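The lines below spell out each chain.
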Amino acid sequence: VNERQIIQYLSERAGGADSRILQSIGDDCAVIDQGGGRVLLLTMDTLIEGVHFDCALHPPRLLGRKVVSVNISDIGAMGSRPHALLLSLGLPPSFDEQWFRCFADGLTDACRDYGCRLIGGDTVASPQGINCSVTVLGEMEMDRVVYRSGAQPGDTIWVSGPLGFAAAGLELLRLGVGQDEDWAAPLIRRHLDPMARVELGGQLAESGLVHAMIDLSDGLATDLAHLCHQSKTGALIRGHDLPGLSRLIEAGRYVPGDPFQWAVAGGEDFELLFTAAATVSEEILAVGQRCNLEPVAIGTITTGSAVRLVQPLADGAVREVDITYQGYDHFRDKSGS
Ligand SMILES: [Mg+2]
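Reference entry: report on the structure contained in this document. Keep in mind the model is a prediction, meaning the values are calculated, not measured.

### With respect to the nonpolar core
Grouped together as the largest cluster of nonpolar side chains are 49 residues, with contacts concentrated most on V68, F274 and I284. With 6 residues, helix α3 (residues 97-114) is the largest single contributor of residues to this core. If we skip the residues at most four places from it in the chain, I284 touches W158, L204, L209, V210, F274, A276 and P295. Counting residues in hydrophobic clusters, the runner-up holds 42 residues, among them A168, I214, A225 and F260.

### Points about the coordination of the magnesium ion
Around the magnesium ion, the protein supplies D28 (OD), D74 (OD) and D215 (OD) as donor atoms, at distances of 2.0 to 2.1 Å. Read from N- to C-terminus, the donor residues coordinating the magnesium ion fall into the pattern D-x45-D-x140-D. With a gap of 141 residues between them, D74 in helix α2 (residues 60-76) and D215 in strand β8 (residues 210-215) connect regions that are remote in the sequence. A single burial state applies to D74 and to D215, both of which are buried.

### Focus: helix α5 (residues 185-192)
Taken as a whole, α5 has its buried residues at L187, I188, R190, H191 and L192. Summarising the contacts, the buried residues of α5 are in contact with α2, α4 (165-175) and α8 (245-252).

### Here we look at the sheet that holds strand β11 (residues 296-302)
On the basis of which strands lie adjacent, the open sheet formed by 7 strands has the order β8-β10-β7-β11-β9-β12-β13 and mixed pairing. Both edges of this open sheet fall to β8 and β13 (318-322), since each of them pairs with a single strand only. Each strand of the sheet is rotated relative to its neighbour by a mean of 25°, with strand direction disregarded. Pairing analysis gives 5 bridges linking β8 to strand β10 (residues 272-276), with the strands arranged antiparallel.

Parameters at a glance
Residues numbered from 1 in each chain as written. Predicted model: local features only at pLDDT ≥ 70, side-chain atom pairs only at ≥ 80, totals over all residues. Heavy atoms only, no water. Core = buried A, V, L, I, M, F, W, Y, C linked by side-chain atoms within 4.5 Å. Buried < 20%, exposed > 50% of the residue type's maximum accessible area, 1.4 Å probe, protein only. Helix = DSSP H or I, 4+ residues; strand = E, 2+ residues; numbered from the N terminus. Contact = heavy atoms within 4.5 Å. Donors = N, O, S within 2.8 Å, 3.2 Å for Na, K, Ca; no water. Pairing = 2+ DSSP bridges. Axes fitted to C-alpha atoms, helices over the stretch in contact; angles between N-to-C directions.

Below you can see the structure in the form of structure tokens.
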């Protein structure tokens, strides 16, 4: 059973229609009608020691920031801004008090940076390892929410920044390579302390230019497949246009790993992926500029259901490959069946 099958099973049993629930399982946030043309957005994400982070590699202050950022990224992916946050923290009996203080300081600093507040939660004993789960609430105008389901064939596919940096950065950290090197710093930082593109998401939603949006948590191949599935479309990605490849190739000289694989399947970059009519490219770039970001057009929404990639090969030739759902899956059967 894979991650999508687990979600599908829960989704089928999650209850009947409720007219106030505008979006249930299947997008970055749930969306609930508040009346008066306003909606409430809710999302939850969990970081588990040994799965999402290694305490030996991850400074506690940055981990506290990250658990906030990865959740706020989902709020940004709907076009909203965060309002309040709930934390559930499981700590092993012998936890380090200094570790906890740094983690808590990082978490509350990040809340301040993003303009939201910690308003409650729970602390529990964990038999093994640290786990932290955060719920974020946001509010916005109902008719500005950007769902995954609005992409149309012919739309341009955009990403808000480089892909694969977090995956490459994690490899560098694990192998202790590039710690003090300028070329490696953006890669390592992306794994340790990613930034949610929430201001861009908000401004794109307000612009009314964007048809569909998702944040890149599980990698381009999987997250774009989610968006295409909800939109009943396919997609064609131009591999040579993926932003950040040159830096990944640099990293690939020092640690094992395929730069192209990092860019296509590496998770946790927390850039936004969105689609818009091909006629509004100048306007999209202008919104990006206002947020100090340079969105990059990487492909086109197509008919069909497959996510395909035109991959440049070493000899200058290209090949077209199907990459639908080829990114990270927590429950993928490693035997290949
Ligand atoms: Mg998401």
